[in-house]
Amino acid sequence: MSTKQRLRIAIQKSGRLYQSSLDLLAARGLIFLPNGRSLINPCANRPIDLLYLRDDDIPEYVERGIADLGIVGENVLAEKGRMLPIVSRLDFGICRLVIAAPQNSDIWRPQDLVGRRIATSYPKLLAAYLEKENVKACIVPISGSAEITPRLGLADAVCDIVQTGATLKAHDLVPLFTVMESQAVLVKSPTESTRKEEFLPLFTKVLL
Ligand code: PRP
Ligand code: ZN
């Protein structure tokens, strides 16, 4: 069978959603054996390839039909402004996008952010929040590891995802304001594909 005929499912290659995504696929009877550092993993019992991607890239792959299905956070879909068809809301990855600041900061209200530097990999969602609150702050765009920036002097606050709270805590940051609530969702490509439709019942039957 050629690669093109195989269903492709994109998941986060590491991070909050990785293990739960694998667990979901395993619960649907799909067997993926450990395959070292390869970013593509053929399913052992079905014509499916698993793609391990950065979560931020998943919407692009799915929108273009390179991946037929993707498991990604609503936070990423919203930041990328993608309206991909959602097959199911999943029962994991429940989190908030928050503005957080160091324990000892003097930021108490959104207005206290005026003139402050906020590091984030969610610049669009943060900009919309600041506009709604009528706050003029300086957004410092970064690709990740926002939590380290206040300690290093790059920013006064961060806007990042909090799920268990462990990462914020490890950096002495306190969540202050919620920008968005989010969870993991299964999205499908808007492009036509018989194989995709054939596999969809596998994900919708039990989850509904
Ligand atoms: C987010 C965030 C933190 C982590 C927080 O990363 O950037 O690294 O989750 O989770 P915690 O509150 O449970 O410690 P995510 O996996 O969403 O993706 P990213 O690495 O692409 O930012
Ligand atoms: Zn990311």
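These numbers come from a predicted model, not from an experiment.

Analysis parameters
Residues numbered from 1 in each chain as written. Chains lettered and ligands numbered in written order. Predicted model: local features only at pLDDT ≥ 70, side-chain atom pairs only at ≥ 80, totals over all residues. Heavy atoms only, no water. UniProt positions renumbered as here; feature names shortened; annotations may be inferred. Helix = DSSP H or I, 4+ residues; strand = E, 2+ residues; numbered from the N terminus. Pairing = 2+ DSSP bridges. Axes fitted to C-alpha atoms, helices over the stretch in contact; angles between N-to-C directions. Domains from an automatic or database assignment. Contact = heavy atoms within 4.5 Å. Buried area = accessible area lost by both parts, 1.4 Å probe.

**What to know about the UniProt feature "domain: ATP phosphoribosyltransferase catalytic" (unreviewed entry) in the protein**
Within this structure's numbering, the places UniProt gives as "domain: ATP phosphoribosyltransferase catalytic" (unreviewed entry) are residues 54–199. Here residues 54–199 runs as 26% helix and 32% strand, with 24 Å between its end C-alpha atoms.

**As for the sheet that holds strand 11 (residues 184–188)**
Strands sit in the order 2-3-1-4-11-5 across an open sheet of six strands; the sheet is mixed. The sheet is open, and its two edges are formed by strand 2 (40–42) and strand 5 (86–89), each paired on a single side. The sheet shows a mean angle of 20° between the axes of neighbouring strands, taken without regard to direction. The sheet contact formed by strand 2 and strand 3 (residues 48–53) spans three bridges and is antiparallel. Considered in strand 3, the bridge of Pro42 is made with Asp49.

**Comments concerning the domain arrangement of the protein**
In terms of domains, the protein is made up of domain 1 (3–93 + 183–204) and domain 2 (95–182). Counting from both sides, the interface comprises ten residues of domain 1 and, opposite them, twelve residues of domain 2. Carbon and sulfur atoms supply 48% of the area that domain 1 and domain 2 bury against each other, a total of about 940 Å² over both sides. For the domain 1 face of the interface with domain 2, the top three residues by lost area are Arg16, Asn75 and Glu79, together amounting to 60%.

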